[in-house]
Amino acid sequence: MRPTGKGYEEFDHDAFRSLYVTPVKGGLCRTELYLEGLHCSSCVWLVERVPLLLAGVARTELDIRRARALVEWDPATVRLSAIARQLDVLGYAPHPFRGVAAESMRRTEDRAMLTRIGIAGALAGNIMLLALAQYSGWFSGMEAEYERYFRVISLLLTIPVLFGPGWLFFQGALASVRTRRLHIDLPVAIALLAGFTRGAVNTVNGSGPIYFDAVGMLVFLLLSGRFLQNRGQRAAADAAELLGSLAPAAARVVEPDGEHELPAEALLPGMVMSVRAGETFSADGEVTDGRSAVDCSLLTGEPRPEGVTVGSAVYAGTVNLTGALRVTVTRAGELSRLGALLRRMEDSARRRAPVVQLANAIAGWFVAVVLVVAVVTYVYGLRHDPARALDNAIALLVVTCPCALGLATPLAITVSIGRAARRGILIKGGDAIEALNRPGLIFLDKTGTVTEGRVRLVRWEGAEWAKPLVAALERESSHPIAIAVQQAWPAAETHAARDVQQTIGGGIEGMVDGRHVVVGSPAFVARRTSEDDRAYDDCVPDSHSRDDRAPSHPASDVRIDAFAEEGLTPVWVAVDGAVVAHAGFGDPLRTDARASIERLRALGWRVALLSGDHPAVVRTVAHQLGIDVSDAVGSASPEEKLQRVEGARIRGTVLMVGDGVNDAAAIAAATVGVGVHGGAEASMSAADVYLARPGLTPLVELVEGAHRTMLVIRNNILFSIAYNALGATLALLGLLDPLIAAVLMPISSLSVVLTSWRGRTFDAPAAPVAPVAAAAAPPASLGIPRAEPAP
Amino acid sequence: MSILYVILPVALIVVFAAVIAFVWAARRGQFDDLDTPAMRALHDDPSEAAKPKNGDDN
């Protein structure tokens, strides 16, 4: 990553200090920064050398997995902005880390869970050792004195396990009872309590089985499963959060004594911002000075820039492309259109009902069945063998403790989330995996999701010799069309353009090699060429290009229509007063789009397009992708997208796939929201799944992987139910002695662990989606290089 | 076998010490970041002169 060359003055501002900086011992200040561009161990070396490069910096400590640097410095010697600039020069653009409170909460939670697992593991291991001695004594005989001694020690070790680390399950069970929503913790708590109580009573009585080894192991295994699950989900959430810190944090405010950088949080209506070309607006406002083109893709999802002039409204998050502007702030922060949109997104995320996990759904009837069978065992036992009736019933409760059931879902989901992450699919919650198994409706955003989201030169009709002239001219501009030209013909040109003039909303013109070149919209070029009064023959250097001469106006109109039908923006090229080439610019389809959509259909999903672009363009794209035209919705505002997703949710599962802030609210409202590669930060924090690879292939992998994960979960659940049925039958018949119970339980858990690790959920796509370049993007990609640009 | 009355409590005290050590380490944040320290070990001592180096290949 190249240095951004920013000043970072906002890092020294009081508002920034009160938000992100904490004082520490010795008069030092401490803050945490997110760093971009970290990838290897030499990054750790470089970042942690900053104290040597810059006097006054006491410590920089990097956490590379979370891309976060802890910085401590002496404010009397050095400013934070200087440290930020130093990091920037090293190639790691710093951003304020905005989730300090959430992070410290998380850290405490993680440490508490680790402590629980450590205690439970150590004690359960020792209880197992003691149990082993007792079981061997069971075969070879054991003095009653020592047996009693071992039992008492086991009891003493079980008490702290159950009421320390194991307390979590009782809390869960209590909450489950209180909210009347069944949770797997309820049967777990019943089994733990029944086993422990009976074991304690039998220890005191000095006869009958004790279940302490089973209870201790249960607590340890279930806690481990839960911890793994949280970790996997967090890794994905962390990645999304990093992107969340990249929003513009500063604005340049014009004050009587000059321009100052202010944190975006400190902007107030009425302030005047100065926004240079290439910068992002930090607040909504009205242009008071200057003319420019603005990239509104954040709000509309479309890459085509809009012209603005004095009096035009501009919105936070959009990018000023071509000229310097003065903007009077009208609404800042949460009141801006972007802020309002993000608030709606959070609302709909909060309102969304959680997906009921399969394991919890099963826990309901599991409790009922186990309790009924336990009562039956007890009653049956009273008639035939009253002395052992209660022991048999309790043995049943313990052996049927849904240990494997409790592990089945978390473990399979954790393993899958980890494997998916290695394939660039970041899944934030297990809910998404379960929900993806009920095929429904997929809404795909068009721009940036099924298309590449960038303006590209798609069609060139006309003189080849004009290309170097156009390339030379367009090198002088930063308009998206010019950038597309630069990308299409990256070869170094010897030509140099002079007297270049840009007309916003029109085109560009200038002298290249002594020839007058005009590139722009058909209307602009027509106006320019009719002004020129040159000799006809002079402008055509060879016989070949004679055929490429400008057609008459009606023909030009036909061509404009033809381009429009393909969704292309027409750009005409005139050299020395005559039109010599017609270029079509557009947003080409991703090469894997069509094949991926067909695969999704085969899996039972209905695929629809939901785009903010012009309906005609959306229809064209739908046609190229084989999507029914009635399922292609255009001109959808962010609010309409949200409405449609909410409407469709009543009928079933809705998968919303998008990349922009304009999709964020819809993504948050969908059953499963998916943010795609290169998308805006808001769509990522709203999404349940983030695809870190470009294209739609990862989406297919996600759906197929979720399907395979669910198969593993179902198998696991079947396994554990089969084991429980076996155990219950033995207990019912009074054949279940403690040794068999002790062997049966770990075997069932172990088999679940094994199948979870073995399951090929996200390893490789079962049927790789082959890029069907020619078929997927018909004339769209002919002869245009498609190299991914460097990040 | 009366040695068991001595040896078992001793073993449990050792376990107790190990658990205390683990809890202390977890509370101190020793397990918060498991990736970066492994990389840090590969680097030279900070006392050596730090020469600016371009660690970026993008």
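Here the structure is a predicted model, which is why all the values come from computation and not from measurement. (Residues numbered from 1 in each chain as written. Chains lettered and ligands numbered in written order. Predicted model: local features only at pLDDT ≥ 70, side-chain atom pairs only at ≥ 80, totals over all residues.)

**Topic: the overall build of chain B**
Within chain B, the secondary structure is distributed over 2 helices and 0 strands. Within the span of chain B, comprising 58 residues, buried residues form 3% of the whole. (Helix = DSSP H or I, 4+ residues; strand = E, 2+ residues; numbered from the N terminus. Buried ≥ 20, exposed ≤ 12 C-beta atoms within 10 Å, placed from the backbone.)

**What about the sheet that holds strand S7 (residues 258–263) of chain A?**
Residues and elements named next belong to chain A. What the 6 strands build is an open sheet, ordered S7-S6-S8-S14-S9-S12; its pairing is antiparallel. Of all strands in the sheet, those with a lone pairing partner are S7 and strand S12 (313–314), marking the two edges. In the sheet, strand S6 (residues 250–255) pairs with strand S8 (residues 272–275) via 2 bridges, with the strands oriented antiparallel. What sits directly across from Val-254, in S8, is Val-272. (Pairing = 2+ DSSP bridges.)

**Considerations on the interface of chain B and chain A**
Of the residues lining the interface, 25 residues belong to chain B; the matching set on chain A comes to 29 residues. Secondary structure elements with two or more residues in the side of chain B that touches chain A: helix H1 (4–27) and helix H2 (36–40) of chain B. If one sorts the elements of the side of chain B that touches chain A by residue count, H1 of chain B sits on top with 9 residues. (Contact = placed C-beta atoms within 7 Å.)

**Observations concerning the sheet that holds strand S17 (residues 456–462) of chain A**
Residue and element names in this part refer to chain A. Spatial strand order, S17-S22-S21-S20-S19-S18: 6 strands in an open sheet with antiparallel pairing. Strand pairing shows two members of the sheet lacking a second neighbour, S17 and strand S18 (497–503), which therefore form its edges. Pairs of neighbouring strands in the sheet enclose a mean axial angle of 20°, with direction left out of account. Where strand S20 (residues 515–520) meets strand S21 (residues 569–575), 4 bridges bridge the pair, whose relative direction is antiparallel. Note that in S21 the partner of Val-518 across the bridge is Ala-574. Strands S17, S18, strand S19 (507–512), S20, S21 and strand S22 (578–586) of the sheet are contacted by helix H17 (residues 466–474), whose axis makes an angle of about 75° with S20. Taken strand by strand, helix H18 (residues 480–488) contacts S17, S21 and S22, and its axis lies near 75° from that of S17. (Axes fitted to C-alpha atoms, helices over the stretch in contact; angles between N-to-C directions.)

**Details of the environment of Asp-631 of chain A**
Residue and element names in this part refer to chain A. By the element assignment, Asp-631 lies in the loop between helix H23 (615–625) and strand S24 (632–633). Here Asp-631 falls in the partly exposed class, since 16 other C-beta atoms lie within 10 Å of it. For the pair Asp-631 and Phe-443, spaced 188 residues apart in sequence, the C-alpha separation works out to 9.1 Å. Setting aside chain neighbours within four positions, we find Asp-631 in contact with Ala-608 and Leu-609.

**Quick word on the packing of helix H13 (residues 389–399) of chain A against helix H27 (residues 697–732) of chain A**
Residues and elements named next belong to chain A. It is the contact of H13 with H27, at a shortest axis distance of 9 Å, that shows an interaxial angle of 175°. One finds that H13 runs roughly antiparallel with respect to H27. Listed contacts from H27 to Asn-392, Ala-395, Leu-396 and Val-399 of H13 are Gly-727, Ala-728, Ala-731 and Leu-732. The residue inventory of the contact of H13 with H27, partitioned by class, reads 6 nonpolar, 2 polar and no charged. (Parallel < 35°, antiparallel > 145°, perpendicular 65-115°, else oblique. Nonpolar A, V, L, I, M, F, W, Y, C, P; charged D, E, K, R; others polar.)

**Here we look at the confidence of the model for chain A**
Residue and element names in this part refer to chain A. Averaged over all residues, the pLDDT of chain A is 78; the fraction at 70 or higher stands at 83%. When the criterion is pLDDT under 50, residues 532–552 qualifies, and its contacts beyond four places in sequence or with other chains add up to 25 contacts. Low pLDDT (under 50) marks residues 765–791, which in the prediction has 43 contacts with non-local residues, meaning those over four places away or in another chain. (pLDDT = per-residue confidence, 0-100.)

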